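So you can see what is in the structure, the chains are spelled out below.
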Amino acid sequence: MSDKLIEEIIRRYDGDSGMLIPMMQDLQADKGYLPPERLRTLAKELCVPLARIYHVATFYASFRLAPRGQHDVTLCMGTVCYLKGAGKISEAICEEYGIEPGGTTADRLFTLQAVNCVGACALAPVMIVDGKYYDGVTSESALKIISGLSTEAPTAEAEAGG
Ligand code: FES
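Residues numbered from 1 in each chain as written. Predicted model: local features only at pLDDT ≥ 70, side-chain atom pairs only at ≥ 80, totals over all residues.

Teacher, can you tell me more about the sheet that holds strand E1 (residues 71–76) here?
Strand pairing in a sheet relies on backbone hydrogen bonds, with the paired strands running either antiparallel or parallel. In spatial order, the strands read E2-E1-E3-E4; together these 4 strands make up an open sheet with mixed pairing. Both edges of this open sheet fall to strand E2 (110–115) and strand E4 (132–134), since each of them pairs with a single strand only. When strand polarity is set aside, the average angle formed by the axes of neighbouring strands in this sheet is 20°. Summarising the sheet, E1 and E2 pair through 6 bridges and their orientation is parallel. Each bridged residue has a counterpart across the sheet, and for Thr 74 the counterpart in E2 is Gln 113. Lying on the sheet, helix H6 (residues 86–97) is in contact with E1 and E2; it crosses E1 at an angle near 150°. In the packing of helix H7 (residues 139–147) onto the sheet, the strands contacted are E1, E2, strand E3 (127–129) and E4, and the crossing angle to E3 comes to about 5°. (Pairing = 2+ DSSP bridges. Helix = DSSP H or I, 4+ residues; strand = E, 2+ residues; numbered from the N terminus. Axes fitted to C-alpha atoms, helices over the stretch in contact; angles between N-to-C directions. Contact = placed C-beta atoms within 7 Å.)

Below is the structure:
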């Protein structure tokens, strides 16, 4: 299957497979992630093993293999938050929405991420939704906050970083 963008990217780097990382960055810039069929095409066109491309894609945190959700839900999994129940909150969210940590809901509503200490341990456990901090969350309050996302798109203020 021909893919004009991949052809163009390969031309941009003179077909040099040593430029795989910038090629993959350019490819990701198109949709915000690396669709599997495009990685297959890239591997074929460059005559490099698909496993090598996946190795690069999974080694660097900046590459994404799945589309992001409309909202970002981040749970702090630092020691204090964890001791105060962040693990259980994560489990509750994953169970409710049928996702894995790091995953995106099927309807692309949100992507659940985990981070280490965000420096607000006194407020643990901490959840951050589209840049807004929620402190002292419980499984119940976290699910309630997330359920409120279904109808509201991120505000211009949240998109601009608050
Ligand atoms: S461990 Fe979560 S804010 Fe420090």
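Explain the environment of Ile 128 here, please?
Tracing the backbone through its elements, the reader meets Ile 128 in strand E3. Ile 128 gets classed as partly exposed once you count the C-beta atoms within 10 Å, which come to 17. As a C-alpha pair, Ile 128 and Thr 74 span 54 residues in sequence and 5.0 Å in three-dimensional space. When residues no more than four places from it in sequence are discounted, the contact partners of Ile 128 are Thr 74, Val 118 and Tyr 133. (Buried ≥ 20, exposed ≤ 12 C-beta atoms within 10 Å, placed from the backbone.)

Could you clarify how one ought to interpret helix H2 (residues 20–31) in this entry?
Each α-helix winds once per 3.6 residues, and so residues spaced three or four apart point in a common direction. With 12 residues, H2 should reach 16 Å at 1.5 Å per residue; the first-to-last C-alpha distance of 18 Å fits that figure. For H2, the full list of buried residues reads Met 23, Met 24 and Leu 27. The buried residues of H2 occupy an angular sector of 95° when the element is viewed end-on, so they sit on one face. Buried-residue contacts for H2 involve helix H1 (4–12), helix H3 (36–46) and helix H4 (50–59). Downstream of H2 by a residue or two, Gly 32 has a phi angle that is positive, lying close to 85°. (Expected span 1.5 Å × (residues − 1). Arc of directions from axis to C-beta.)

In this structure, what is going on with the domain arrangement of the chain? I would like to understand it.
Interfaces are often sized by the amount of accessible area the parts lose when they come together. Each assigned domain of the chain is listed here: domain 1 (4–59) and domain 2 (71–153). Measuring from the centre of the C-alpha atoms in domain 1 to the corresponding centre in domain 2 gives 32 Å. (Domains from an automatic or database assignment.)

What exactly am I supposed to notice about the packing of H1 against H2 here?
In helix packing, the relevant descriptors are the interaxial angle and the interaxial distance, both defined with respect to the helix axes. In the contact formed by H1 and H2, the axes pass within 10 Å of each other and the chain directions differ by 150°. As H1 packs across H2, the resulting crossing turns out to be right-handed. Seen from H1, the contacting residues are Leu 5, Ile 6, Ile 9 and Ile 10; seen from H2, they are Met 23, Asp 26, Leu 27 and Asp 30. Taken together, the residues of the contact of H1 with H2 break down into 6 nonpolar, no polar and 2 charged. (Left-handed = near helix turned anticlockwise from the far one by under 90°. Nonpolar A, V, L, I, M, F, W, Y, C, P; charged D, E, K, R; others polar.)

Honestly, the nonpolar core in this entry has me stumped. Any pointers?
Soluble globular proteins tend to bury their nonpolar side chains together. Counting residues in hydrophobic clusters, the biggest one holds 19 residues, and the most contacted among them are Cys 81, Ala 86 and Met 127. When residues of this core are traced back to their parent elements, those giving at least two are E1, helix H5 (79–83), H6, E2, E3 and H7. Per-element tally for this core: the top contributor is H6, with 4 residues. Apart from residues lying up to four places away in sequence, Met 127 is in contact with Val 73, Thr 74, Leu 75, Tyr 134, Val 137, Ala 142 and Ile 145. Formed by 12 residues, the second largest nonpolar core is a distinct cluster that contains Met 23, Leu 39, Leu 46 and Ala 57. (Core = buried A, V, L, I, M, F, W, Y, C linked by C-beta atoms within 7 Å.)

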